[in-house]
Amino acid sequence: AQSVAQPEDQVNVAEGNPLTVKCTYSVSGNPYLFWYVQYPNRGLQFLLKYITGDNLVKGSYGFEAEFNKSQTSFHLKKPSALVSDSALYFCAVRHPDTGGFKTIFGAGTRLFVKA
Amino acid sequence: DVKVTQSSRYLVKRTGEKVFLECVQDMDHENMFWYRQDPGLGLRLIYFSYDVKMKEKGDIPEGYSVSREKKERFSLILESASTNQTSMYLCASSSYRDRGTPGANVLTFGAGSRLTVL
């Protein structure tokens, strides 16, 4: 069965420090991978995606993610965290053979950035 | 610039009531989805639709039904609300026609509807 794991419920980081939010997946073949962010009292917003090509993908707000096929991971990173990055982050995976309908989400990781 | 609109941000209903959650998108997307979001569980797919009058069950369809009479509108119906359906409900849409564009395969979400069933 397809699944997405975000092993940390919460990540705390000081402003200006690098941040990493971890994600691993279990999907056969070559899945599409996504990160979404949810700010307080708002819907989910797309951050970035990996479909094919370069393993390092860049997205909105200075975020990037590295696809590692051997470790089946897609960790979200940012070189220098901002207080405004504090939000709930979701990793998601879609198997390309499902016709675009079954996007599976992880449980989410809450990021706190301290000033 | 609002693209996916959910009609109610907050609802409070009583057990046994029929509940309608409405979602409208203005992007001419073919695909529409209903998820529920619960702490520690992430988002779980309830139902989706890939065309008008078409619907498919997601991972947790029990206790829910949907209606898609027009392309832009996708309604989630709780026939008889129960307390375990207290949750945040998120509507999303996507398009086949985005293929090859930066928006390809991306879900666009509404702001969510927080339902409390007493």
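See above for the structure.
About the thresholds
Residues numbered from 1 in each chain as written. Chains lettered and ligands numbered in written order. Predicted model: local features only at pLDDT ≥ 70, side-chain atom pairs only at ≥ 80, totals over all residues. Heavy atoms only, no water. Helix = DSSP H or I, 4+ residues; strand = E, 2+ residues; numbered from the N terminus. Buried < 20%, exposed > 50% of the residue type's maximum accessible area, 1.4 Å probe, protein only. Pairing = 2+ DSSP bridges. Disulfide = S-S within 2.5 Å.

Caption draft 1: Structural view of the environment of B:Leu41. Residue and element names in this part refer to chain B. Tracing the sequence through the fold places Leu41 in the loop between β5 (31-38) and β6 (42-49). What makes Leu41 partly exposed here is its relative accessible area of 45%. The spacing of Leu41 and Gln85 is 44 residues in sequence and 14 Å in space, taken between C-alpha atoms.

Caption draft 2: Spatial organisation of the pairing of strand β6 (residues 44-50) of chain A. Residues and elements named next belong to chain A. Burial analysis of β6 places 6 of its 7 residues in the buried class, which makes it a mostly covered element. In the sheet, strand β5 (residues 32-38) pairs with β6 via 6 bridges, with the strands oriented antiparallel. Pairing of Trp35 across the sheet is with Leu48, part of β6. Here β5 folds back onto β6, and the loop between the two strands holds 5 residues, one of which, Asn41, carries a positive phi near 60°.

Caption draft 3: Representation of the state of the cysteines. For the structure on display, the rule yields 2 disulfides over all chains. Note on cysteine connectivity: A:Cys23 is disulfide-linked to A:Cys91, with sulfurs 1.9 Å apart. In this structure the cystine formed by A:Cys23 and A:Cys91 twists about its S-S bond by roughly -65°; its chirality is therefore left-handed. On the criterion of sequence distance, the pair formed by A:Cys23 in the loop between β3 (19-21) and β4 (24-26) and A:Cys91 in strand β10 (residues 87-94) is long-range, its members being 68 residues apart. B:Cys23 shares a disulfide with B:Cys91; S-S distance 1.9 Å. Because the sign of the S-S torsion sets the handedness, a value of about -80° for the bond joining B:Cys23 and B:Cys91 places this disulfide among the left-handed ones. Of this pair, B:Cys23 sits in strand β4 (residues 23-25) while B:Cys91 sits in strand β10 (residues 87-94), and the two are 68 residues apart along the sequence. In this structure, B:Cys23 and B:Cys91 share a single accessibility class: buried.

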